[in-house]
Amino acid sequence: MLNIFYRRLWTQIALILLVLATIPMVLLGILFINTSKEAVSRSVLANHKEIVTSAGREIKLFIEKPKELLKVTAALLSAVYPASWKQETILVELILHQPIFMRVSSVDLTGKEMASSELGRGLRWDYPQEAFQEIKKRKFYISRPKILDNYSPYLTMAVPIKRKGRIIGGLIADVDLREMWKIVDNIKIGTTGRAFLISDKGILIAHQDKKRVLKVENLSGQEDVRAVLAGRSEAVELKDKRGKKWISSYAPISGLGWGIILRQSEKEAYVFSKIMIMQSWIIIILSEAMVVLVSIFMAKVLARPIKKLALSIKRVAAGDLDHKIESKRRDEIGELIRSFNDMTKKLRKARVRERFSVIGEVAAWITHELKNSLVSIKAFIQLFPQRHNDENFVDKFSKLLPGEIKRWEHMLKELSDFSYYSELRKENINLNQLIYNLLEIMEEKFVEKRVNIKYEPKSDSIIINADSERLKQVFMNLIINAINAMSVGDSLTVSIELMDNGSQDAPAQIKIKFEDTGCGMSKKELEKIFKPFHTTTKEGAGLGLSISRKIVEQHGGEIQVQSQLNIGTTFTIVLPLIHKESSQLAQYN
């Protein structure tokens with residue numbers, strides 16, 4: 001079934017078009033998907049990096065604001081120093097207008113608190129001693145983030161108070177970090193993308209999960225934490241200890257040694273890429289389906305005129321020379337169709353000329369044959385009145401007239417068979433049995449001519465669909481011709497050969513060979529062997545082989561001949577086969 005399918009022209013054209021369209025489309029699709037995947041990956045990483053870089057700048061600005069406010073306030077305090085009440089007024093104003101400060105105090109060079117924003121509560125603030133030490137060194141101080149009892153985050157800042165370039169004291173403040181927590185908490189991407197902030201020691205400062213912050217987690221052992229503490233700003237793909245893949249982007253916060261990190265599940269981060277890939281494959285598959293349909297349509301369109309031409313050729317081959325293909329095409333196929341129509345027209349004219357030629361040959365042949373017979377008969381008839389009492393004359397006349405009439409009947413029958421086209425009466429017949437029966441009928445003829453006959457049937461019963469009487473006529477004509485060409489002691493071998501067409505089914509054709517060891521024919525005689533009225537004997541009209549070839553061709557077969565002078569002749573008939581069955585038919589000798 002597949003073999004027949006592949007033999008069709010439109011399927012071959014469709015497959016070629018499909019291959020030519022599919023390979024570039026698939027390659028371009030794969031290239032597009034890979035390129036798009038890489039582009040999406042770069043875009044996701046760049047977007048994550050931009051988010052953490054922007055968040056780092058925002059946190060930097062958040063820390064810089066109280067620092068600058070403290071420097072400005074320190075300058076104001078140096079102007080009113082050492083008046084405590086004026087300092088307290090300035091500090092209270094700072095607290096009221098800048099709620100980022102939780103409390104602010106000024107100290108002298110001995111570390112004694114001189115003024116505080118917490119009026120009436122006494123000087124009870126136990127500030128970090130390292131803050132005072134940094135002030136005395138003319139440096140700005142910032143502590144690590146800490147948590148109050150009410151779970152509020154804060155850190156301590158300190159700046160020196162200077163007058164005329166000389167350190168006269170310091171300004172120390174606790175800064176509320178809840179707004180910084182909000183900055184970190186607001187960095188969200190999807191359901192898994194969350195940011196967190198770490199200190200210069202890798203301690204968790206800010207995270208959506210506040211319990212982790214309260215535990216003072218140390219994350220310095222993690223790959224991205226180490227990278228950001230080293231001052232690198234990147235966006236990378238990494239795996240955690242459990243093997244889960246993440247997109248991690250990080251950026252350092254300059255001047256603080258801190259770092260902000262944003263992590264998102266790789267699966268979620270690239271979900272758009274996967275959707276895009278799936279959509280791309282859907283588009284490729286749909287496009288491929290469209291290519292298949294278009295290829296089939298185009299193939300059928302291209303094959304339709306060729307199929308039409310093939311059917312027309314079959315009609316012409318069957319004898320319908322009046323058939324003509326109508327076409328308005330101006331391409332190569334149109335040119336082929338016009339050439340076919342011209343060829344058919346020329347064949348039609350040639351057939352007419354051939355018919356007239358055959359009629360002329362028939363007329364000449366009939367004239368020649370009848371003339372010879374009529375001359376003899378006329379002579380006997382003219383002499384009959386005078387010699388009717390002559391017994392020898394009457395005996396010769398009695399033998400001549402029936403013989404000539406019988407010869408006329410035989411010639412007229414051959415002419416009738418040659419000129420008349422009759423429908424075959426086909427039926428399933430056993431070819432082995434048909435030849436076997438025919439050889440039995442001809443057995444006396446073989447004995448009379450003293451020639452040997454050998455029949456080599458197959459061990460199988462060969463079943464063909466044919467007109468048994470017409471095939472008998474063909475086989476008998478070949479056998480008689482072989483007998484006439486052989487001398488005493490020569491032999492005729494009839495054999496059957498199955499032709500395998502390469503498929504797993506039964507062979508499609510069968511060969512019947514008639515091989516004689518007679519006188520053979522020359523190349524010149526072979527060229528004329530199937531020509532009507534060509535004969536090498538005095539008997540018959542020379543139409544036997546022409547009629548035989550016509551019968552074989554009616555059966556969908558062909559007849560071939562090979563011959564060598566003084567060696568012998570082989571006629572081969574090729575016929576379609578239906579099937580073969582087991583048989584016990586013995587060899588005929």
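Refer to the structure printed above.
We now turn to the structure provided with this report. Counting restarts for each chain: residues are numbered from 1 in the order of the written sequence. Where totals are concerned, whole chains, interfaces and linings use all residues; where local detail is concerned, this predicted model gives features only for residues with pLDDT of at least 70, and gives and counts side-chain atom pairs only at 80 or more. Hydrogen atoms and water are omitted, and side-chain values are computed over all heavy atoms in the structure.

**What to know about the pairing of strand β11 (residues 245–253)**
Regular strands place side chains that alternate from one sheet face to the opposite one.
Part 1 of the argument: A large share of β11 lies buried, amounting to 7 of its 9 residues.
Part 2 of the argument: Sheet topology note: the strand β10 (residues 234–239)/β11 ladder contains 6 bridges and is antiparallel. Bridge assignment links Ala235 to a residue of β11, and that residue is Ser249.
Part 3 of the argument: In this analysis, strands are considered paired if DSSP registers two or more bridges between them. Only DSSP runs of H or I with at least four residues qualify as helices, and only runs of E with at least two residues qualify as strands; both kinds are numbered from the N terminus onward. As consecutive antiparallel partners, β10 and β11 are separated by 5 residues, and within that stretch Gly243 has a phi angle of approximately 90°, a positive value.
Part 4 of the argument: Of the strand pairs in this sheet, β11 and strand β12 (residues 258–265) are connected by 8 bridges, and their pairing is antiparallel. For Ser248, the partnering residue across the bridge sits in β12 and is Arg263.
Part 5 of the argument: Counted along the chain from β11 to the antiparallel partner β12, the turn is 4 residues long, and its residue Gly255 has a positive phi close to 85°. Relative accessible area decides the class of each residue, using a 1.4 Å probe on protein chains only: under 20% of the type maximum gives buried, over 50% gives exposed, and in between gives partly exposed.

**Observations regarding the nonpolar core**
Part 1 of the argument: If you look at the biggest cluster of nonpolar residues, it comprises 52 residues, and the most contacted ones within it are Ile63, Leu171, Met180, Leu197 and Trp258.
Part 2 of the argument: Among the elements that make up this core, the one with the highest residue count is helix α2 (residues 9–80) (8 residues).
Part 3 of the argument: As used in this record, nonpolar core signifies buried Ala, Val, Leu, Ile, Met, Phe, Trp, Tyr and Cys residues forming a set joined through side-chain atoms within 4.5 Å. Ile453, Val494, Ile512 and Ile573 belong to the second largest nonpolar core, which has 40 residues in total.

**Remarks on the packing of aromatic side chains**
Part 1 of the argument: Note on ring pairs: Phe, Tyr and Trp rings are taken, using the six-membered ring of Trp, and paired if centres are within 6.5 Å. Classes follow the plane angle, with under 30 degrees stacked, over 60 edge-to-face and the rest tilted. By the definition in use, this model includes 1 aromatic pair.
Part 2 of the argument: Between the aromatic rings of Phe475 and Phe514, the centroid separation amounts to 5.6 Å while the plane-to-plane angle is 40°, which identifies the pairing as tilted. Here Phe514 lies in strand β17 (residues 509–516) and Phe475 lies in helix α14 (residues 468–485), a separation of 39 residues in the sequence. For the residue pair Phe475 and Phe514, the accessibility class agrees, reading buried in each case.

**Quick word on the sheet that holds strand β16 (residues 491–499)**
Backbone hydrogen bonds are what pair the strands of a sheet, in a parallel or an antiparallel way.
Part 1 of the argument: Overall, mixed pairing links the 5 strands, which are arranged β14-β16-β17-β19-β18 in an open sheet. If you trace the sheet from one side to the other, it starts and ends with β14 (452–456) and β18 (558–564), each paired once. Shown here is a sheet whose adjacent strand axes are inclined to one another by a mean of 15°, direction ignored.
Part 2 of the argument: Inspection of the sheet shows β14 paired to β16 by 5 bridges, in the parallel sense. Looking at the pairing, Asn452 lines up with Ser491 of β16.
Part 3 of the argument: Sheet strands in contact with helix α12 (residues 431–441) are β14, β16 and β17, and its direction is about 170° off that of β14.
Part 4 of the argument: In the packing of α14 onto the sheet, contacts are made with β16, β17, β18 and β19 (568–576), and the angle to β19 comes to roughly 170°. The axes are straight lines fitted to the C-alpha atoms, using for helices just the contacting stretch, and the angles between their N-to-C directions are given from 0 to 180°. Any two residues whose heavy atoms approach within 4.5 Å are treated as being in contact.

**Comments concerning unusual backbone geometry**
Part 1 of the argument: Residue Pro82 follows Tyr81 across a cis peptide bond; omega there is 10°.
Part 2 of the argument: Relative to the helices and strands, Pro82 resides in the loop between α2 and α3 (84–97).
Part 3 of the argument: Here the phi dihedral of Arg138 falls at roughly 65°; this positive angle occurs in a residue that is not glycine.
Part 4 of the argument: Its place among the elements puts Arg138 in the loop between α4 (129–136) and β3 (141–142).

**A closer look at the side chain of Ser248**
Part 1 of the argument: Mapped onto the elements, Ser248 comes out in strand β11.
Part 2 of the argument: When its relative accessible area of 0% is taken as the criterion, Ser248 is described as buried.
Part 3 of the argument: Polar contacts, as used here, are pairs of N or O atoms within 3.5 Å; protein pairs need one atom able to donate a hydrogen and one able to accept it. Residues neighboring in sequence count only if both atoms are side-chain atoms. Within the structure, the side chain of Ser248 is placed 2.7 Å from the side chain of Asp224, a separation counted as a polar contact.
Part 4 of the argument: Once residues within four sequence positions are removed from consideration, Ser248 is found in contact with Asp224, Glu234, Ala235, Val236, Leu238, Ile261, Leu262 and Arg263.

**What to know about the side chain of Ser116**
Part 1 of the argument: Of note, Ser116 is situated in strand β2 (residues 113–116).
Part 2 of the argument: A polar contact of 3.4 Å, which involves the side chain of Ser116, links it to the side chain of Ser105.
Part 3 of the argument: From its side chain, Ser116 meets the backbone nitrogen of Glu118 in a polar contact 3.1 Å long.

**Examining α4**
One full turn of an α-helix is made of 3.6 residues, so residues set three or four places apart face in the same direction.
Part 1 of the argument: All of the buried residues along α4 are Ala131, Phe132 and Ile135. The arc that holds every buried residue of α4, seen down its axis, measures 95°, which confines them to one face.
Part 2 of the argument: In this fold, the buried residues of α4 make contact with β1 (101–107), β3, β5 (153–163) and β6 (166–176).
Part 3 of the argument: A positive phi of about 65° marks Arg138, the residue just after α4. Directions from the helix axis toward the C-beta atoms define the arc.

**Regarding the pairing of β1**
Part 1 of the argument: Among the 7 residues in β1, 5 count as buried, and that is most of the element.
Part 2 of the argument: Sheet analysis places β1 next to β6, joined by 6 bridges and oriented antiparallel. Paired with Val107 across the two strands is Gly170, which belongs to β6.
Part 3 of the argument: For β1 and β2, the ladder comprises 3 bridges, and the chain directions are antiparallel. Considered in β2, the bridge of Ser105 is made with Ser116.
Part 4 of the argument: Counting the residues in the hairpin turn of β1 and β2 gives 5 residues, including Gly111, whose phi is positive at 95°.

**Some thoughts on the packing of α14 against helix α16 (residues 544–554)**
Part 1 of the argument: Orientation of α14 relative to α16, taken along the N-to-C sense of each, is 145°, at an axis distance of 9 Å. Viewed along their axes, α14 and α16 form a crossing whose handedness is left-handed. Counted together, Arg470, Gln473, Val474, Asn477, Leu478 and Asn481 of α14 and Gly544, Leu545, Ile547, Ser548, Ile551, Val552 and Gln554 of α16 form the full contact between these two elements.
Part 2 of the argument: Polar here means any residue outside two lists: the nonpolar Ala, Val, Leu, Ile, Met, Phe, Trp, Tyr, Cys and Pro, and the charged Asp, Glu, Lys and Arg; Gly therefore counts as polar. Taken together, the residues of the contact of α14 with α16 break down into 6 nonpolar, 6 polar and 1 charged. With the far helix as reference, a near helix turned anticlockwise by less than a right angle produces a left-handed crossing, and one turned clockwise produces a right-handed crossing.

**Examining the pattern of salt bridges**
Once their charged atoms are close, side chains differing in charge can pair, the charge on each being opposite to the other.
Part 1 of the argument: Just to be clear on terms, a salt bridge is a Lys or Arg side-chain nitrogen sitting within 4 Å of an Asp or Glu carboxyl oxygen. As enumerated under the stated definition, the model contains 13 salt bridges in all.
Part 2 of the argument: Between Glu64 and Lys60 there is a salt bridge; the shortest N-O distance is 3.0 Å. Separated by 4 residues within a single helix, Glu64 and Lys60 lie in helix α2, roughly one turn from each other.
Part 3 of the argument: Ionic pairing is found between Asp224 and Arg263, a salt bridge with its closest N-O pair at 2.8 Å. Placement of the pair is Asp224 in helix α7 (residues 223–229) and Arg263 in strand β12, with a sequence separation of 39 residues.
Part 4 of the argument: The class of Asp224 is buried, set by a relative accessible area of 2%.

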